[in-house]
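# Topology and contacts: notes
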Amino acid sequence: MLVDPFDVVIGIIKSCKGANDMAVQNKKDCTHLLSILEGIEPSLKSLERESMMVQKQLKGLTDVFEEAKNLIRKQSKSSGFIIQMCFSSSVKGHFADIKGRLFEHMDVLKFG
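The rules behind these values
- Residues numbered from 1 in each chain as written.
- Predicted model: local features only at pLDDT ≥ 70, side-chain atom pairs only at ≥ 80, totals over all residues.
- Heavy atoms only, no water.
- Helix = DSSP H or I, 4+ residues; strand = E, 2+ residues; numbered from the N terminus.
- Buried < 20%, exposed > 50% of the residue type's maximum accessible area, 1.4 Å probe, protein only.
- Contact = heavy atoms within 4.5 Å.
- Areas by Shrake-Rupley, 256 points an atom, 1.4 Å probe, with all protein chains shown as cover.
- Core = buried A, V, L, I, M, F, W, Y, C linked by side-chain atoms within 4.5 Å.
- Salt bridge = Lys/Arg side-chain N within 4 Å of Asp/Glu carboxyl O.
- Patch = residues over 30% accessible without salt bridge, like charges linked within 9 Å, V, L, I, M, F, W, Y side chains within 5 Å.

The subject of this paragraph is the overall build of the protein chain. When helices and strands are tallied, the protein chain shows three helices and zero strands. Shown N-terminal to C-terminal, the secondary structure of the protein chain runs as helices and strands in the order α-α-α. Counting only residues that meet the buried cut, the protein chain has 12% of its 112 residues in that class. Of the contacts formed within the protein chain by residues at least 6 apart in sequence, a portion of 68% connects residues at least 24 apart. For the protein chain, the exposed surface amounts to about 9300 Å²; the carbon and sulfur share of it is 66%.

Dropping the structure here:
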C-alpha cells in the first residue's frame, strides 16, 4: 500500500499546528503563573521579615524568661527571701526590670 503524499503533508501540518498551539498555550500558562508569582512575592517577603522579627522577639522573651527563673532560683535559695526581696533595692529593681522586659516582648508578640 502506497502512502498518499498529501496525507503525509497534511499530517505534518497538523503536527506543526498542534505543537504551535501547545507552545502558545504554554506561553499563556507561563505568563499567568508569572503574574501570580509576582502578586504574592511582596506578601511572602513581608511574611519572611515578620517571621524573622517574631523569632527575634521569641528569643528575647526566652532569654528574659530564663533570667527571671535564675533570679527567682537564686533568691529563693537565699535566707529570708521575702525580706531580702522587699528590702533590697537592687533585687527589687532587677525584678522590675525583668517584668518590664517580659511584658515588652509579650506585647510585641501579642500575648494575651
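Below, the discussion takes up the nonpolar core. Formed by Leu61, Val64, Ala68, Leu71, Ile98, Leu102 and Leu109, the largest nonpolar core amounts to seven residues. Residue assignment for this core shows that the elements contributing at least two residues are helix H1 (5–77) and helix H3 (89–108). Counting residues per element, this core draws most heavily on H1, which supplies four residues. Those residues within four positions of Leu71 in sequence are excluded, and the remaining contacts are His94, Phe95 and Ile98.

With that settled, consider the pattern of salt bridges. One pass over the structure, following the stated rule, counts six salt bridges. Residues Lys45 and Glu41 are paired through a salt bridge, measuring 3.6 Å at the closest nitrogen-oxygen approach. Of the two residues, Lys45 and Glu41 are both situated in helix H1; the distance of four residues between them amounts to about one turn of the helix. Given a relative accessible area of 43%, Lys45 falls into the partly exposed group. Accessibility expressed as a relative area gives 39% for Glu41, which makes it partly exposed. Taking the shortest distance from any N to any O, the salt bridge between Glu67 and Arg101 comes out at 2.8 Å. Linking Glu67 in helix H1 with Arg101 in helix H3, this pair joins segments that are 34 residues apart in sequence. Note on Arg101: relative accessible area 25%, which makes it partly exposed. A network of salt bridges, in which partner residues are shared, links Glu67, Asp97 and Arg101.

Right, let's get into a nonpolar patch on the surface. Taken together, the side chains of Leu33, Ile36, Leu37, Ile40, Leu44 and Leu47 make up a nonpolar region of the molecular surface, amounting to roughly 550 Å² of accessible area. For Leu47, the position within the fold is in helix H1.

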